[in-house]
Amino acid sequence: MLNAPRWLLATVSIAFGVYHALLGALSWRSFDNVWTLVASIAIYLATFVLAVSASKGLEISRLFGSLVATGAVATVIVNNLGIHTGHGDPYATWYIGAMAALLGVLAARGQSALAWIAAAMVVWLVVIEVGLGGLAEVGLEGIVILIAASSATAFALKRADREVAELQETELATRANLGRSVAAAEERRSRLKNVLERALPALSYIAANKGNVTAEQQQKLLQLEASLRDDIRGRSLLNDVVRKAATEARERGVEVVIMDEGGLGKLSDSQLENILSKVAAAIATVKAGKIVVRSPRGEKWLVTVMATRPGTSAPDLWLKF
């Protein structure tokens, strides 16, 4: 998120607000009742402090925004109660600049709608006080300009915060994907290392005998090849129980295919062991033909087990766990 020292923002804002209060104090001669001026300045300063200090983030709540808007309108009403009719002091309308600053802060803190409503009420009160002919002299355009600029700034900051948050999420996702890629690569290296360690003695034996092996040795080598293929493709679908069930099935002449496609990644160890026990039990029931065990990704089920035989129209076994 975009941040700036809060104390600095508050200090600059309040100093700007106090400046308008001082201008108001200089207009005391234009008032029949100076205490109304004092009261209006006090209301303004309290409201300005509330607008600046309420909430820690950039935006303030609608409740605080409503209090600030109410304070702005109250400042103008109380000020005009004690002012001379037909006064000529330009400082007597100090609240015009004050309202521009106050409502600009309100808009900048995410309550533009309330700022515009309060501004409309202030304009109406000024019309009552000076008439339509005097509007050009009091500088009401400053309120409009500051609210519009503050609203645009608030929108830009909010958008910038959103874009920064999206970039942070993208970076986190990239790091997570990189971590998964590194883990997957490490897993593949470990699996291939295990395959090579198991395969090298058999390959060395075949090379030493120049490919001359007995039928029994050939059968054992085929069993080893199938087991190595399981280690490469089976991943989480393999444990000692499943390996044993697959080996025994192959000894019965059953073709066994085990493929982990990523459907077991979110299971706990106990859940995985339970699934693999069911898989091993299913493999043990197949006496002939071919059995395919898969863990598909993105499906409602975790593992599918299908056993088929040549010449049959329907699977002998079709399970989903």
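All residue numbers refer to positions counted from 1 along the written sequence of the respective chain. Owing to the predicted nature of the model, reporting of local features is limited to residues with pLDDT of at least 70; listing and counting of side-chain atom pairs is limited to 80 or more, with chain, interface and lining totals taken over all residues. Only hydrogens and water are set aside when side-chain values are computed; all heavy atoms of the structure are taken into account.

**Remarks on the pairing of strand β2 (residues 290-295)**
Here, any two strands with at least 2 DSSP bridges between them count as paired. In DSSP terms, a helix is any run of H or I states spanning at least four residues, a strand is any run of E spanning at least two, and both are numbered starting from the N terminus. Bridge analysis of strand β1 (residues 255-260) against β2 gives 6 bridges, and the strand direction is parallel. What sits directly across from Val-257, in β2, is Val-292. Handedness of the β-α-β unit built from β1, helix α10 (residues 269-284) and β2 comes out left-handed. With the strands pointing away from the viewer, any crossover whose connection runs clockwise from the first strand over the helix to the second is right-handed.

**Some remarks on the pattern of salt bridges**
Salt bridges are counted wherever a side-chain nitrogen of Lys or Arg sits within 4 Å of a carboxyl oxygen of Asp or Glu. Evaluation of the coordinates by the stated rule reveals 4 salt bridges. With a shortest N-O distance of 2.7 Å, Arg-294 and Glu-261 are connected by a salt bridge. In this pair, Arg-294 sits in strand β2 while Glu-261 sits in the loop between β1 and α10, placing the two residues 33 residues apart along the sequence. You can call Arg-294 partly exposed: its relative accessible area is 27%. Using a relative accessible area of 31% as the deciding quantity, one classes Glu-261 as partly exposed. Put simply, Asp-316 and Arg-309 hold a salt bridge, and the shortest N to O gap is 2.5 Å. For Asp-316, a relative accessible area of 40% puts it in the partly exposed group. Buried means the residue's accessible area, taken with a 1.4 Å probe over protein chains only, is under 20% of the maximum for its type, while exposed means over 50%, and partly exposed covers the values in between.

**Considering helix α2 (residues 34-53)**
To estimate how far a helix should extend, the number of its residues minus one is multiplied by 1.5 Å. The end-to-end C-alpha distance of α2, which contains 20 residues, comes to 29 Å, matching closely the 28 Å that a straight helix rising 1.5 Å per residue would cover. All buried positions along α2 are accounted for by Thr-36, Leu-37, Ser-40, Ile-41, Tyr-44, Thr-47, Phe-48, Ala-51 and Val-52. Projected onto a plane normal to the axis of α2, the buried residues spread over an arc of 135 degrees and lie on a single side. The exposed set on the far side of α2, more than 90 degrees from its buried face, consists of Trp-35 and Ala-46. Where α2 starts, the residue carrying a side-chain oxygen 3.0 Å from the main-chain nitrogen of Trp-35 turns out to be Asn-33. Throughout, the arc means the angular range of directions from the helix axis out to the C-beta atoms. We call two N or O atoms a polar contact when they sit within 3.5 Å, provided that within protein one can donate a hydrogen and the other can accept it, with sequence-adjacent residues counted only if both atoms are side-chain atoms.

Purely geometric stuff here, so don't read any function into it on its own.
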